[in-house]
Each structure stands twice: as structure tokens, then as C-alpha cells.
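Listed here are the chains, written in short residue letters.
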Amino acid sequence: MSLSLVCQEVSLSRRRADASERAILKDVNLTLTAGQGAMISGKTGAGKSTLLHLLAGLLRPSQGQIIANGQPVSRWNTVHRDLWRRQVGIVFQKPHLINGFTVLENVILPVIPRGASITQLRKLAWEALDTLGISHLAKQNVLSLSGGEQQRVSIARAIVSRPNILIADEPTAHQDDEGAALIIEKFVGWKLPQTILIVAAHDPRWALHGAFADKHFLLENGRLEEMQ
Amino acid sequence: MIWHPLLIAVVVGDLLSLVLWLGAAATAFQIVIKWVPQSAAREQIQLERKAETARLAAKFSLAVFFLSTALLIIGITNVLPEIVPGAMCGTGVLQATDGLEGRALMVRFFVFFIMALWLTYEKLNLSRPDAPLTKYNSRVLLLALPFFFLAVITTFRGILRIDSHQPVDCCAMVYDQFGSLTAARQIAGIPNTLWVWTFWTLTALILLCAVWSLRTKRTNREKATGSLAVITVIWVPIAAITLVRVYAAYFYQVLHHHCPWCLFLPEHKFVGVPLFGALIIITLEGPISYLAAKTAANYPDLLPRARRRSRLAGLRLLLAVVAYTGMVALPAIYWRLIYGVWIG
């Protein structure tokens, strides 16, 4: 079955301290197939990151399901869901790098469970760093990097396993114009017939690259609407 | 009641595992009445989350229950005989509990059997992402609950009866049960020799069935494992009877000392642990071999995993039977070669 990612009537709510429930996402429907890129925009606090975490299998919906390649992955038991998540690369809003590790070590981490030799893993990591133009930082401790550099390292970490689904949350937030242009250009380049790309951003610089998004969604009051 | 740390550990372990199993059972009950795998409604999604938590709780409960059972056995065989006056082994300790602890052990092993069954099904269940056996396995989890209560209550009542000032007869009781030498040489009116022949005939049968179940094609698999399960259920009590009544003599080097608990003493090199351990493995793996084969037939999605588990159970059973018969027969053969006669 070819690659697809579908949100089917997905809702998510959180329980408040007074036991009442706050709906974060309501009946979200979304369908993406291989080769498509999607842009999700919305105000701060609209639930963009939450939706991305649901799509990446990091959160479970309160209702509805997320179907990948025809399988309801959001309802799978933890062991199988974790295995499926290896197909997904995610760039978080904050870099979430491991302090004390070098850039190369941080980038290698997601591919270690694959069981390849350390030489192969290092080769993959160097390629990912080269792609982002940060191979010169490989031996540095991540604490010594600027915010923009850290963000690029986190993008390298997301693409090192060459995932079929790449999800990015504000990947250009800490970049100057030059850095943002490079990242956007890379994302456009990663839009291959066998991949699905999803980016949440309200950075207007993405709008300049119409080539990226096949679908544009607006998230407002927990509801997702596809914009024409 | 004596407040020995080991007994307190058993009671605390039992209570902890019971509470955990109860928590899992509450979810299992909801699953039995509300589980709708086709639905993506809020209730079903919540139930799926709860099911994962219940699985963890039940696994932890099983581990704690196993630990507390092991502690109880160590207490009965090697710790409490030092405390109960007149007790030299577990027989004396069980007398001190008015036999309650013996009953508790039987119920505990039955609970442990159901729990092991649940764990086997759970492993098969989790081999598929959609966990197709969840509802079925919840029933197995619920089935254990009344016996779990009974085991914990009986164990606790038995522990309460232990009195460090009241002497017991211990092994004198073992000898007192026979009115004559003839009575000591038969069980239920059947001579020991016939029991021994039955034991070895059934041993040959169980080994044949185990090999058949390992080598058979898919079509005959249920038949082979079913026969293995039935023979296991008959073989285990006969093996235990012949061990206590006939073969224990070669470990004790004393005639007609029909005590299972002395086998756990250090002077007999704790030989009761591997012997009864092998019997427990055989008791578990025989039925599991059949049930896994049945699951493979009923759930095609689980076929490879269930068949592998069925074969593994057959293999474990085969090895345990070989190890058990070796441990039982070798001392007897050694004695026969040295002294030229069988004991008794």
C-alpha cells in the first residue's frame, strides 16, 4: 500500500484541575498522500504543535484515529506504535538536544536502534549535517551553539533516518533570512514522490515558496480547515 | 501468629499483588462488557489506554505474586522449621497451620497457572498491533480473581495459626499413617510396583507425544498437542506420587519416609527445588502447548507466533520430563549398581 496519512475525526481534550475538560482539537480531518507537502498555520496556542505530535504518534487522540498506510496507528499498542514511529522524523519547536553530547552524537541517536555498524551510522549523520551545511560543527558540544544552529542540528537529527514522513514545527523560527531560505529550500527538495512533509509555521517567509505546500490548513479554535 | 520478617514480606507481597490484580480486573471487566474494536469513539479509545495500564499492572502483580510464593515456600521448607517446635521440615510447619498452608499452596499454584496462561495469551496478543485477543484475555484475567482472593485469605489464615509455643509431630505423622508394612507399600490399595510401571509407561507416552507435537504437520497439530495436554494432566500427579512414595527413598536412603518436604532440606541438597520445579514447568507447558495450537487455528493473524509458542511449550515440556526422569532415576540406578537391590 502506498504511503498515506489520514486524520479521522480526531479530537483531543485535556482535563483541567477542576476536573472539567478543555477541548484542544475538535473533529480534525486531514488526508495526505505520498509526494504531498502540507502547511499548517494558526495563531500561537491554536494547537498546531499538539496536532503535529498526534500525527507523529507522540500523543494519542481522545477520540478518532490516525491512519497511516491504511492502519490505525494511533490505536496500536505501544510496542508497535513505537516501531511505526521510526518511519517519522520530527523537528520540535524547541531543539530538545542532549546537552553534553556533541552535534554528531545527537544526530546519530535516532538511528542507533536500527542496528547498523557505527561506521554506517556516522556516514548517515555526516550526510545529514552536510545537507544542512553544519558539518563543521560536528565535534562541538551542543551547548556552545546558537539557537539557529541548534535548530539546524535538530533538523539534521530528524532527517538522518531518511523518514517517509517528516513533520516540522516552526523549523525556521530562530533563523536569519539566509538560514531560513536554506531550510525552506531543503524542505522543497525533500518533497519526493515517496514522502509526506508537514510543516507548522506562521513564518511569512514560507509563503514566498509556493512550491512547497500542496495543501494549506488553518487551525482555529481547535478546528482544522483546508484553505483553497 | 509470629511476626517473622519473611511472613510479613509474604503478606505484604500478597496484598500488593492482589491490589494490582484487582485494578487490572476492574479494567478487564469494562473490556468484557464494552470492548468494540471497530469503533473510534471516545469510550473505546479510553478503554484502549486503560487496557495498556491494566496489562502493566497485571504483569507486575504476577511478578510480585511469584516472589511472595517463592518466599512462602522458602519459609515453609527452610525458615519456619527452626521456629515451630518439633518441626524438622515443611510437614511440621503445615501441621502448625492446621493444613491451611498446604491448601493455600494448592490454590496459589492454580492461580499461578491461570496467570501464566494469561501471560502467554498476552504475549500472543501483543504480537499484533491491533491486539485481537484483548477481550478474550480479559476473561482469563477475571477468572483468576476469585481464586486469587481465596489464595491470599487462606495463606493469611494459615500464617495466623502458626504458634511458636505449640509443638507439632512432624515426621512422626508420616510414619503413623501406616498400620502395617503392607499399607506402606501401596497407595489407594494399588501396590507401589504398579504405580512405578504406570509412571514409566506414561513417561514413554508423554515423551512420544511431545516429539509428535514437535514434528507434526499443521493438520495434526491440535490432535498431537491435545493428547500431550491430556497425558500431562494424568502424568503429573502420578509422577509426584511415585516420587514421594518410591523414589524419595533413594535421596533419604531410608525406607518408607514418604515426606515431600524433606527433599527441600539442605541435607538432601535442596533436590526438591529442581524436582518440583520441573513438575510445575510440565504442568504449565502441557496445556499451553495445546491452547497455543488452538489459538493458531482460531486466529490466522496470530498463526506464526502461536505456532512458535506451541512448539516452544512442547520443547520445554520434553526437556523438563527428560530432566525430571533423569533426576529421579539416576540415584535409584546408582543405588542398584552399588548394592545390587532396589530400596523397598
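What you are looking at is a predicted structure, and each value in this text was computed from that prediction instead of being measured.

Novice: Describe the domain arrangement of chain B, and please don't skip the residues or the numbers.
Specialist: Residue and element names in this part refer to chain B. Here the domain parsing of chain B yields domain 1 (5–170) and domain 2 (177–339). Relative placement of domain 1 and domain 2: their C-alpha centres are 24 Å apart. Domain 1 puts 22 residues into the contact, and the matching count from domain 2 is 20 residues. Summed over both partners, the interface of domain 1 with domain 2 buries about 1,800 Å², with 78% contributed by carbon and sulfur atoms.

Novice: Tell me about the interface of chain A and chain B, residues and numbers included.
Specialist: Taken together, the 14 residues of chain A in the interface contact 19 residues of chain B. Carbon and sulfur atoms supply 38% of the area that chain A and chain B bury against each other, a total of about 1,300 Å² over both sides. Contact with chain B buries surface across chain A, with A:Arg60, A:Arg75 and A:Asn77 losing the most and accounting together for 45% of the total. The partner of A:Glu21 in a salt bridge is B:Arg42, and the shortest N-O contact between them spans 2.3 Å. Where chain A touches chain B, the interface holds 14 residue pairs in polar contact (both at pLDDT 80 or more). Elements represented by at least two residues in the side of chain A that touches chain B include exactly β4 (63–68) and α2 (78–84) of chain A. Taken together, the residues that form the side of chain A that touches chain B break down as two nonpolar, eight polar and four charged.

Novice: Run through a positive patch on the surface, naming residues and quoting values.
Specialist: Together, A:Arg14, A:Arg16, A:Arg22 and B:Arg49 make up a region of like positive charge exposed at the surface. Turning to its location among the elements, B:Arg49 is positioned in helix α2 (residues 42–79). Of the residues examined, B:Arg49 reaches a relative accessible area of 34% and is grouped as partly exposed.

Novice: Give a description of the pattern of salt bridges that names residues and reports values.
Specialist: One pass over the structure, following the stated rule, counts 16 salt bridges over all chains. For A:Arg85, the salt bridge is made with A:Asp82, and the minimal N-O distance between the two is 3.3 Å. By relative accessible area, which is 36% here, A:Asp82 ends up partly exposed. For B:Lys294, the salt bridge is made with B:Glu222, and the minimal N-O distance between the two is 3.3 Å. One end of the pair, B:Lys294, is in helix α10 (residues 272–298); the other, B:Glu222, is in helix α9 (residues 221–252), and 72 residues separate them in sequence. Among the residues examined, B:Lys294 registers a relative accessible area of 32% and is labelled partly exposed. Three or more residues joined by partner-sharing salt bridges are found here, namely A:Arg15, A:Glu21 and B:Arg42.

Novice: Tell me about unusual backbone geometry, residues and numbers included.
Specialist: A positive phi angle, close to 45 degrees, is found at A:Asp27, a residue other than glycine. Of note, A:Asp27 is situated in strand β2 (residues 21–33). With a relative accessible area of 34%, A:Asp27 lands in the partly exposed category. Its identity is not glycine, yet B:Ala131 carries a phi of approximately 45 degrees, on the positive side.

What counts and how
- Residues numbered from 1 in each chain as written.
- Chains lettered and ligands numbered in written order.
- Predicted model: local features only at pLDDT ≥ 70, side-chain atom pairs only at ≥ 80, totals over all residues.
- Heavy atoms only, no water.
- Domains from an automatic or database assignment.
- Contact = heavy atoms within 4.5 Å.
- Buried area = accessible area lost by both parts, 1.4 Å probe.
- Salt bridge = Lys/Arg side-chain N within 4 Å of Asp/Glu carboxyl O.
- Polar contact = N/O pair within 3.5 Å; in protein donor to acceptor, adjacent residues only side chain to side chain.
- Helix = DSSP H or I, 4+ residues; strand = E, 2+ residues; numbered from the N terminus.
- Nonpolar A, V, L, I, M, F, W, Y, C, P; charged D, E, K, R; others polar.
- Patch = residues over 30% accessible without salt bridge, like charges linked within 9 Å, V, L, I, M, F, W, Y side chains within 5 Å.
- Areas by Shrake-Rupley, 256 points an atom, 1.4 Å probe, with all protein chains shown as cover.
- Lys, Arg positive; Asp, Glu negative; His and termini not counted.
- Charge placed at Lys NZ, Arg CZ, Asp CG, Glu CD.
- Buried < 20%, exposed > 50% of the residue type's maximum accessible area, 1.4 Å probe, protein only.

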